[in-house]
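Reading the structure
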There are 2 protein chains.
Amino acid sequence: MDQFQSTQPIYLQIMALIKRQIATAQLRPGGQLGSVRELAMNYQVNPNTVQRALSELEREGLLKSDRTVGRYVTDDLSMIEALHRSLFLEATSRYVDEVNELNVSADEAIKAVRIQLKGENT
Amino acid sequence: MDQFQSTQPIYLQIMALIKRQIATAQLRPGGQLGSVRELAMNYQVNPNTVQRALSELEREGLLKSDRTVGRYVTDDLSMIEALHRSLFLEATSRYVDEVNELNVSADEAIKAVRIQLKGENT
DNA sequence: ATTATTGTATTAGGTACTTAATACAGTAGT
DNA sequence: ACTACTGTATTAAGTACCTAATACAATAAT
């Protein structure tokens, strides 16, 4: 499906992708994931790489696995909300740090964000 | 000096760091850099890793090297301005993309940026 | 019972990055 | 001339990540 960047481990990129999909309910709470082999086909990567990403997400509590049936998204809604909030805050914090390091004023930064955000809406 | 993350090649992180310092004139146009061996000491990495970062920056035109004297920041002010603009735009664009993918509204995002930016000023 | 599919584990090989240890050519300062 | 510093190059080793090719136990569907 997608292509991945070579500057970061693929399994981390897959983790981030699935986290986003969980946080935005593109993967619904309690919903089933494709199998390791299916996802590997879709992502065009080795099944082992998918396996690694998924087991890490499971370790974080976002996924559950039934050994012989498949994998499911957690149905803990508060955890999903917390995930969404966390991804949003981390993105914002990262951006603010970058902007500060570039000595860009608050007004300039807010203006730039507003322009790009408005420009991309339909 | 700093520590580096393990999820991205160190030489790329050093490149990004030096780019920021050039863009904000912490490294002044035409100014001299520390030697490969000095920087390796400061960054706590191998000289080869510094060498790689610096030669890539040179390939991009941001640094110049005198083989037996040392390395200098470019004195092309328009290039430095373009670098600053580019780093700022890329950061903003990256943030806007992330926010869109999280289905966060423009108003929410701008509000979050404003709060964090104001909160961090002295 | 048999078949297909699930997650999981293992072994091997290749590539990129990093480190370590040198070495060399050129120049500035003495 | 000598010394100390530049950038640069090379060789070897270790680690992390990715891929490939299997294999196994467990279950759902038939």
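Residues numbered from 1 in each chain as written. Chains lettered and ligands numbered in written order. Predicted model: local features only at pLDDT ≥ 70, side-chain atom pairs only at ≥ 80, totals over all residues. Heavy atoms only, no water.

Attention shifts here to the side chain of Glu56 of chain A. Residue and element names in this part refer to chain A. With respect to the helices, strands and loops of the structure, Glu56 is situated in helix H3 (residues 47-59). We classify Glu56 as buried; its relative accessible area is 19%. Other than its neighbours up to four places away in sequence, Glu56 contacts Tyr11 and Met15. (Helix = DSSP H or I, 4+ residues; strand = E, 2+ residues; numbered from the N terminus. Buried < 20%, exposed > 50% of the residue type's maximum accessible area, 1.4 Å probe, protein only. Contact = heavy atoms within 4.5 Å.)

Another point: helix H1 (residues 10-23) of chain B. All names here are of chain B. For H1, which comprises 14 residues, the first-to-last C-alpha distance of 20 Å matches the rise-based estimate of 20 Å (1.5 Å per residue) to within 8%. In terms of burial, H1 is a largely internal element, 10 of the 14 residues being buried. What H1 keeps buried is the set Tyr11, Gln13, Ile14, Met15, Leu17, Ile18, Lys19, Gln21, Ile22 and Ala23. Where H1 is buried, its residues meet helix H2 (36-43), helix H3 (47-59), strand S1 (63-66), strand S2 (70-73) and helix H4 (77-101). Following H1 by one or two positions, Ala25 has its phi on the positive side, about 60°. (Expected span 1.5 Å × (residues − 1).)

Residue and element names in this part refer to chain A. For chain A, the assigned domains read domain 1 (10-75) and domain 2 (78-120). Its C-alpha centre places domain 1 at a distance of 27 Å from the equivalent point of domain 2. Listed by partner, the interface residues are 8 residues for domain 1 and 5 residues for domain 2. The junction of domain 1 with domain 2 conceals about 620 Å² of combined surface from both sides, 88% of it contributed by carbon and sulfur atoms. At the boundary of domain 1 with domain 2, the tally comes to 0 salt bridges. In this structure, the connection of domain 1 to domain 2 is made through 0 residue pairs in polar contact (both at pLDDT 80 or more). Along the lines of polarity and charge, the residues of the side of domain 1 that touches domain 2 split into 4 nonpolar, 2 polar and 2 charged. (Domains from an automatic or database assignment. Buried area = accessible area lost by both parts, 1.4 Å probe. Salt bridge = Lys/Arg side-chain N within 4 Å of Asp/Glu carboxyl O. Polar contact = N/O pair within 3.5 Å; in protein donor to acceptor, adjacent residues only side chain to side chain. Nonpolar A, V, L, I, M, F, W, Y, C, P; charged D, E, K, R; others polar.)

Okay, the interface of chain A and chain B next. Reports of interface size often rely on the accessible area that becomes lost once the parts have come together. Facing 38 residues of chain A, the contacting portion of chain B comprises 38 residues. Carbon and sulfur atoms supply 65% of the area that chain A and chain B bury against each other, a total of about 3300 Å² over both sides. Of all residues in chain A, Phe88, Leu102 and Leu117 of chain A give up the largest surface area on contact with chain B, accounting jointly for 20% of the area buried on that side. Seen at the junction of chain A and chain B, the total is 4 salt bridges. Inspection of the region where chain A meets chain B yields 8 residue pairs in polar contact (both at pLDDT 80 or more). Looking at the side of chain A that touches chain B, the elements with two or more residues in it are helix H1 (10-23), helix H4 (77-101) and helix H5 (106-120) of chain A. Top contributing element to the side of chain A that touches chain B by residue count: H4 of chain A, with 15 residues. Each residue belonging to the side of chain A that touches chain B can be placed in one class, and the counts come to 18 nonpolar, 10 polar and 10 charged.

The local shell around DNA strand C holds 23 residues, among which Arg67 and Arg71 of chain A together with Ile10, Thr49 and Thr68 of chain B are the closest. Within 4 Å of the protein, the atoms of DNA strand C are drawn from sugar and phosphate moieties in a proportion of 68%. Between DNA strand C and Thr68 of chain B there is a distance of 2.9 Å, counted from a sugar or linking oxygen to a side-chain nitrogen or oxygen. Taken together, the elements giving at least two residues each to the surface near DNA strand C come down to helix H2 (36-43), H3, strand S1 (63-66) and strand S2 (70-73) of chain A together with H1 and H3 of chain B. (Near = heavy atom within 4 Å.)

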